[in-house]
Every structure is written in C-alpha cells, then in structure tokens.
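Fold and geometry: a report
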Amino acid sequence: MASASDVLDAAITILGETEPRVALTGTAVELLQKMWGIHGPLMFHQSGGCCDGSSPMCYPAGEFITAEADVLLGLFELPECGPLEFWMSKEQFNYWSHTHLTVDVVAGRGSGFSVEAPEGKRFLIRSRLVNGFTPAT
C-alpha cells in the first residue's frame, strides 16, 4: 500500500508535453488499490465540474466508453495493481487546459456510479494553474 503522504504522477500522454498533468495523493492510491481488489482494473473520467472540488468518476476499466470527444490526460501505473487511465472530455479540457490536477480523497458519498460511492469517501480534484501546457487538439 502507498503512504498517505506520497504523490504518484501519471505518465505524460499528450504529445509534446514535458510535465505530467495529473497526480494521485497517497490516500487516493490506497483507496484505488482497495477498489481494484474489489472491481478489478479501473479508470477515471472527468466530464463535469470546472474547478477545485470537482469529483472525477472512477469506473471499472472499459465500463465508460471513451472516443474522439475525450482526452487521455495521464496513465498511472498503480502500485500492486496495474495501469489506470485518467480521461477528460475535450469540452471539459477547454476549461482545464492550463491546470494540473491532483486526485485526492475526502469523506462523503461519491456519485452513485463511481466505484468508491459505498465506501463513505469520494475522489476530489485539487488543481493548480500551470504555464506551458499545450492545449489538446
């Protein structure tokens, strides 16, 4: 299990970029490892929200179908589990294009479709502005 103080950066997935766009806190890694044990491989998709405090949805991998209308922001190698993709709708990405996202966990009920909902916790986005990101095409 990860330490709650660790931060796991995603691999860069947008051509030409040199900095990761998304990270997981140690607490998020721990909850994801638990959810992976229950549901198998996982993925994130952020389709709504415009700022800090938004909640990405966590699904069993492949349950949410991505397409040309989505951007792969990062790919995590979740310790003791495997690859975990973080997707965002292109429309949403227009609002977040100059932002680094960190997925954290807080107490509270997540969305009914997100795997952590029954745990009494929810994933939460913490963001910071970053200069130099390339907008998605």
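Residues numbered from 1 in each chain as written. Predicted model: local features only at pLDDT ≥ 70, side-chain atom pairs only at ≥ 80, totals over all residues. Heavy atoms only, no water.

What about the pattern of salt bridges?
Inclusion rule: Each salt bridge in this description consists of a side-chain nitrogen of Lys or Arg and a carboxyl oxygen of Asp or Glu lying within 4 Å of one another. Type-normalised accessible area, obtained with a 1.4 Å probe on protein chains alone, sets the label of each residue: buried when under 20%, exposed when over 50%, and partly exposed for intermediate values. Secondary structure elements are taken from DSSP: a helix is a run of H or I of four residues or more, a strand is a run of E of two residues or more, and numbering for both begins at the N terminus.
Here the structure, examined in full by the defined rule, presents 3 salt bridges. For Arg21, the salt bridge goes to Glu17, with nearest N and O atoms at 2.7 Å. Residue Glu17 is classed as buried on the basis of its relative accessible area, which comes to 10%. Between Glu119 and Lys34 there is a salt bridge, with its nearest N and O atoms 2.7 Å apart. Linking Glu119 in the loop between β8 (99-107) and β9 (121-129) with Lys34 in helix α1 (residues 26-39), this pair joins segments that are 85 residues apart in sequence. Taking relative accessible area as the criterion, Lys34 reaches 41% and is therefore assigned partly exposed.

A closer look at the nonpolar core
Note the following rule: Take the buried Ala, Val, Leu, Ile, Met, Phe, Trp, Tyr and Cys residues and link them wherever side-chain atoms come within 4.5 Å; each set so joined is a nonpolar core. When checking whether two residues touch, look at their non-hydrogen atoms; a contact exists if any pair is within 4.5 Å.
Counting residues in each nonpolar core, the largest one holds 28 residues, and the members touching the most others are Leu24, Leu32, Phe44, Phe86, Val103 and Phe123. Of all the secondary structure elements, the ones that give two or more residues to this core are β3 (22-25), α1, β4 (42-46), β6 (70-78), β7 (82-89), α2 (90-96), β8 and β9. A per-element tally of this core places α1 first, with 6 residues. Sequence-distant contacts of Phe86, that is, excluding residues within four places in its chain, are made with Val22, Phe44, Gln46, Pro56, Val71, Leu72, Leu73, Gly74, Phe76, Leu101, Val103 and Ile125.

A few points about the pairing of β4
It is a general feature of regular strands that their side chains alternate between the two faces of the sheet. Quick reminder of the rule: Strand pairing is assigned whenever DSSP detects at least two bridges linking the two strands.
Counting buried residues along β4, 5 of its 5 residues qualify, which places the element largely inside the surrounding structure. Residues Leu42, Phe44 and Gln46 of β4 are buried on one face, and the alternating residues Met43 and His45, pointing to the opposite face, are buried as well. Looking at chain direction, β4 and strand β5 (residues 57-60) are connected through 4 bridges and run antiparallel. Residue Leu42 lies in a different strand from β5, and its bridge partner there is Pro60. Direction of pairing for β4 relative to β7: parallel, over a ladder of 4 bridges. Counterpart to Gln46 in the pairing with β7 is Met88.

Considering the sheet that holds β5
The strands making up a sheet associate through hydrogen bonds between their backbones, and the pairing can be parallel or antiparallel. Here is the rule we go by: Here the axes come from fitting lines to C-alpha atoms, over the contacting stretch only for helices, and the angles between their N-to-C directions go from 0 to 180 degrees.
Judged by pairing direction, the sheet is mixed, and its 5 strands sit side by side in the order β2-β6-β7-β4-β5 without closing on themselves. Among the strands making up the open sheet, the edge pair consists of β2 (11-12) and β5. The sheet strands contacting α1 are β4, β5, β6 and β7, and the helix crosses β4 at an angle near 120°.

Quick word on the pairing of β3
Taking every second residue as pointing to the same face, both faces of β3 are buried, with Val22 and Leu24 on one and Ala23 and Thr25 on the other. With 3 bridges connecting them, strand β1 (residues 7-9) and β3 associate as antiparallel partners. Bridge pairing links Asp9 to Ala23 in β3.

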